[in-house]
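Notes for the structure review
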Amino acid sequence: VAYHDSLTGLPNRAMFREYLNRVIAHSKRNNELFALLFLDIDDFKRVNDSLGHQAGDMLLQEVTERLSKCLRGTDYIAQVNGSDEPDELLARLGGDEFIVLLPDIVDAHSPGVLANRLLKALATPISIHGNEFFVGASIGITLYPMDGNEADELIKHADIAMYHAKEQGKNDYQYFLDSMNELAHERMSIENKLRKALENGELSLYYQPQVDAVTNEIVGLEALLRWHHPEDGVIPPDVFIPVAEQAGLILPLGE
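The paragraphs below set out a description of the structure included in this document. (Residues numbered from 1 in each chain as written. Predicted model: local features only at pLDDT ≥ 70, side-chain atom pairs only at ≥ 80, totals over all residues. Heavy atoms only, no water.)

Moving on to the sheet that holds strand β10 (residues 233-235). Spatially, β8-β9-β10 is the arrangement adopted by the three strands of the open sheet, whose pairing is antiparallel. Edge positions in the sheet fall to β8 (203-211) and β10, since each of these pairs with one other strand and no more. Each neighbouring strand pair of the sheet contributes to a mean axis angle of 45°, computed without reference to strand direction. The pairing of strand β9 (residues 218-229) with β10 spans three bridges and is classified as antiparallel. What sits directly across from Trp227, in β10, is Ile235. Each of β8, β9 and β10 is contacted by helix α8 (residues 237-247), which is oriented at about 80° to β9, the strand it contacts most. (Pairing = 2+ DSSP bridges. Helix = DSSP H or I, 4+ residues; strand = E, 2+ residues; numbered from the N terminus. Axes fitted to C-alpha atoms, helices over the stretch in contact; angles between N-to-C directions. Contact = heavy atoms within 4.5 Å.)

Shown next as structure tokens:
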């Protein structure tokens, strides 16, 4: 019970981390490559909001079944506790987040092939309470040892790559790049500064007049938000507005 998700029957976060640490040790001994695929269902909140959490649970169960059919391993407990040779493992980390461990890969292209297979498996609409849902997913991929040597680092980088896939239009996969990590740190820095900016009154409104082209009369004003940071100077809206939307700061910003 402690190692499995009650809704889907899949290994949970605790079991996955234990298995991942074993695979890291195995891969290090045998000089092998492996990959993590971090999968997040696109727009899952829409299902919960429109049909309720019971419908959301049914969707997660159907997604689990489809993803499981794409993998070789079927008896997860036997694979973890038995053979020394690791096998593919699908786990649910929580919510609408799943993760796949793909051990002993031949090259860096193999995870991309599996990611495509997973996306195709989800492409057929899912029927819930007479409603059809087209489910997409965003997948981030990390490779051992190129993208990290420890469990936390590999999972974090796969998560970052997954969010990059969402930003690129969703229903796709992205391999982790060091530049993504830099971008994630930069975004986090802007978010922290923005929270302080709201408290410190660093944001101000600029009013741009709207002029009637025939009469040259001012007929309205457009309110534009500007951020003057005490150290970084003027931070453009196209930099901080997307961060505000992702961080849940857009409403206090609007106020």
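After that view, the rundown keeps rolling.
In the structure shown here, the tally under the stated rule is three aromatic pairs. A ring pair is formed by Trp227 and Phe240, whose centres lie 5.4 Å apart and whose planes are at 90°; its orientation type is edge-to-face. Of this pair, Trp227 sits in strand β9 while Phe240 sits in helix α8, and the two are 13 residues apart along the sequence. A single burial state applies to Trp227 and to Phe240, both of which are buried. (Phe/Tyr/Trp six-rings, centres within 6.5 Å; stacked < 30°, edge-to-face > 60°. Buried < 20%, exposed > 50% of the residue type's maximum accessible area, 1.4 Å probe, protein only.)

Next up on the list: the sheet that holds strand β1 (residues 33-41). Read from one edge to the other, the open sheet built from five strands follows the order β2-β3-β1-β6-β7, with strand pairing classed as mixed. Two strands close off the open sheet at either side, each with one partner strand: β2 (89-94) and β7 (173-175). In this sheet, adjacent strand axes meet at a mean angle of 20° when their direction is disregarded. Here five bridges tie β2 to strand β3 (residues 97-105), and the two strands are oriented antiparallel to one another. Counted as the bridge partner of Leu89 is Leu101 from β3.

Here the focus is the nonpolar core. Leu37, Ile41, Leu59, Val63, Phe98 and Leu118 are the most contacted members of the largest nonpolar core, which has 33 residues in total. Of all the secondary-structure elements, those providing two or more residues to this core are β1, α2 (44-51), α3 (53-69), β3, α5 (110-123), β4 (126-128) and β6 (137-144). The element contributing the most residues to this core is α5, with six residues. Not counting chain neighbours up to four residues away, the residues in contact with Ile41 comprise Leu59, Leu60, Val63, Asp96, Phe98, Val135, Gly136, Ala137 and Lys166. (Core = buried A, V, L, I, M, F, W, Y, C linked by side-chain atoms within 4.5 Å.)

Cis geometry is found at the peptide bond from Tyr144 to Pro145, where omega equals 5°. In this structure, Pro145 sits in the loop between β6 and α6 (151-167). Despite not being glycine, Asn31 shows a phi value in the positive range, around 55°. Looking at the element boundaries, Asn31 is found in the loop between α1 (13-30) and β1. Backbone geometry at Lys170 places phi at a positive 70°, although glycine is not the residue there. With respect to the element layout, Lys170 can be found in the loop between α6 and β7.

This part takes up the pattern of salt bridges. Within the structure shown, the criterion is met by 10 salt bridges. Residues Arg22 and Glu18 are paired through a salt bridge, measuring 3.0 Å at the closest nitrogen-oxygen approach. Separated by four residues within a single helix, Arg22 and Glu18 lie in helix α1, roughly one turn from each other. Judged by its relative accessible area of 39%, Arg22 is partly exposed. Here Lys69 and Glu65 are joined by a salt bridge, their closest N and O atoms 3.5 Å apart. Separated by four residues within a single helix, Lys69 and Glu65 lie in helix α3, roughly one turn from each other. (Salt bridge = Lys/Arg side-chain N within 4 Å of Asp/Glu carboxyl O.)

All right, on to the environment of Tyr206 then. Within the secondary structure, Tyr206 sits in strand β8. Judged by its relative accessible area of 42%, Tyr206 is partly exposed. With residues up to four places along the chain from it excluded, the contact list for Tyr206 reads Glu222, Ala223, Leu224, Arg226 and His228. A polar atom in the side chain of Tyr206 sits 3.3 Å from the side chain of His228. (Polar contact = N/O pair within 3.5 Å; in protein donor to acceptor, adjacent residues only side chain to side chain.)

Before going further, it helps to examine the packing of α2 against α3. The geometry of α2 relative to α3 is characterised by a closest axis approach of 7 Å and an angle of 140° between their N-to-C directions. Classified by the angle between their axes, α2 and α3 sit oblique to one another. Between α2, through Phe44, Val47, Asn48 and Leu51, and α3, the contact on the second element is made entirely by His53, Ala55, Gly56, Leu59 and Leu60. Broken down by class, the residue content of the contact of α2 with α3 amounts to six nonpolar, three polar and no charged. (Parallel < 35°, antiparallel > 145°, perpendicular 65-115°, else oblique. Nonpolar A, V, L, I, M, F, W, Y, C, P; charged D, E, K, R; others polar.)

These figures capture arrangement, not role.
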